[in-house]
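Structural overview
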Amino acid sequence: MRQFSLWVVMVCALAVSLGFAATPMQVQVPKGLPALPVPADNPMTVEKVELGKLLYFDTRLSKDKTISCATCHSPEHAYAEPKATSEGIAGQFGERNANTVLNSAYATSDFWDGRAAHLEEQAGGPVENPIEMGHDFNTVVKDLKKVPEYVKRFKDVFGEEISKDNITKAIAAFERTLLSGNASYDKGTMSDDAKAGE
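Treat the numbers as computed from the prediction; the structure is a model and nothing was measured.

**Looking at the packing of aromatic side chains**
Taken as a whole and assessed by the stated rule, the structure comprises six aromatic pairs. Seen in terms of ring centroids, phenylalanine 154 and phenylalanine 158 are 6.0 Å apart; in terms of plane orientation they differ by 25 degrees. Their pairing is stacked. Of this pair, phenylalanine 154 and phenylalanine 158 both sit in helix 6 (residues 148-158), separated by four residues, roughly a single helical turn. An identical accessibility class is assigned to phenylalanine 154 and phenylalanine 158; each is buried. Put simply, the rings of Tyr56, Phe57, Tyr79 and Phe174 pair up and form one aromatic cluster.

Structure (structure tokens):
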């Protein structure tokens, strides 16, 4: 853990020296959950999480501008889907219900069939799925480049222009902050050390 923290500090110092924003973010993990796993190539920063949250709720990621990540992974429903199967653009329904995003930071694979190896890969899947958001990333990138706030935020956060890679990294960073723990069930299954906060 100490080596990871040193690495984050070094990356953030480099980011500041290059002129883009990188305020390290330490996510408060609820009692009973393990330390938050963060990939080395996508360190958590306050600015990146804020950008990811904007993207998560932005319907510009869908072809007809009606669907956002939050449409199927709704905060009002524990970042999950209240319908039997998820509804995408043009009223199309997929074959599956959208998983909750809560605690997805700990997943070793994503989607019901496990086809995405990590959150960054998962974040891009629905955008290009013809039933879900029905878009293509080349067009998404062009659309977002027309929004001055996004142009500035991507430059501040990543030190470069908007790209598919940086879009999915920002969304994944936001999703890593969506944690649920220390509930009555958790307390009943925790060890005595975990209950004591050790």
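**Structural notes on the packing of helix 4 (residues 119-128) against helix 7 (residues 164-176)**
At a closest axis distance of 8 Å, the pairing of helix 4 and helix 7 adopts a crossing angle of 115 degrees. Viewed along their axes, helix 4 and helix 7 adopt a mutual orientation that is roughly perpendicular. Classified by chirality, the crossing of helix 7 by helix 4 is right-handed. Mapping the contact onto sequence places Leu119, Glu120, Gln122, Ala123, Gly124 and Glu128 in helix 4 and Lys164, Thr168, Lys169, Ile171, Ala172, Glu175 and Arg176 in helix 7. A breakdown of the residues in the contact of helix 4 with helix 7 according to their chemical character gives four nonpolar, three polar and six charged.

**Describing the state of the cysteines**
Under the counting rule described, the total for this entry stands at zero disulfides. Not part of a disulfide, cysteine 72 finds its nearest cysteine sulfur in cysteine 69, a span of 9.1 Å. Taking the relative accessible area as the measure of exposure, cysteine 72 reaches 13% and is therefore buried.

**Some points on the side chain of arginine 176**
Tracing the backbone through its elements, the reader meets arginine 176 in helix 7. Residues within four places of arginine 176 in sequence aside, it is in contact with Leu36, Pro37, Val38, Pro39, Asn42, Met44, Ala105, Leu119 and Glu120.

**Looking at the pattern of salt bridges**
Inspection of every chain in the model, using the stated rule, returns 10 salt bridges. As a salt-bridge pair, aspartate 156 and lysine 152 come within 2.6 Å of each other at their nearest N and O atoms. Pair noted here: aspartate 156 and lysine 152 are both in helix 6, with a separation of four residues, about one helical turn. Aspartate 165 serves as the salt-bridge partner of lysine 169, at 3.5 Å between the closest nitrogen and oxygen. In this pair, lysine 169 and aspartate 165 both sit in helix 7, four residues apart, roughly one turn of the helix.

Cut-offs used in this document
- Residues numbered from 1 in each chain as written.
- Predicted model: local features only at pLDDT ≥ 70, side-chain atom pairs only at ≥ 80, totals over all residues.
- Heavy atoms only, no water.
- Phe/Tyr/Trp six-rings, centres within 6.5 Å; stacked < 30°, edge-to-face > 60°.
- Helix = DSSP H or I, 4+ residues; strand = E, 2+ residues; numbered from the N terminus.
- Buried < 20%, exposed > 50% of the residue type's maximum accessible area, 1.4 Å probe, protein only.
- Axes fitted to C-alpha atoms, helices over the stretch in contact; angles between N-to-C directions.
- Parallel < 35°, antiparallel > 145°, perpendicular 65-115°, else oblique.
- Left-handed = near helix turned anticlockwise from the far one by under 90°.
- Contact = heavy atoms within 4.5 Å.
- Nonpolar A, V, L, I, M, F, W, Y, C, P; charged D, E, K, R; others polar.
- Disulfide = S-S within 2.5 Å.
- Salt bridge = Lys/Arg side-chain N within 4 Å of Asp/Glu carboxyl O.

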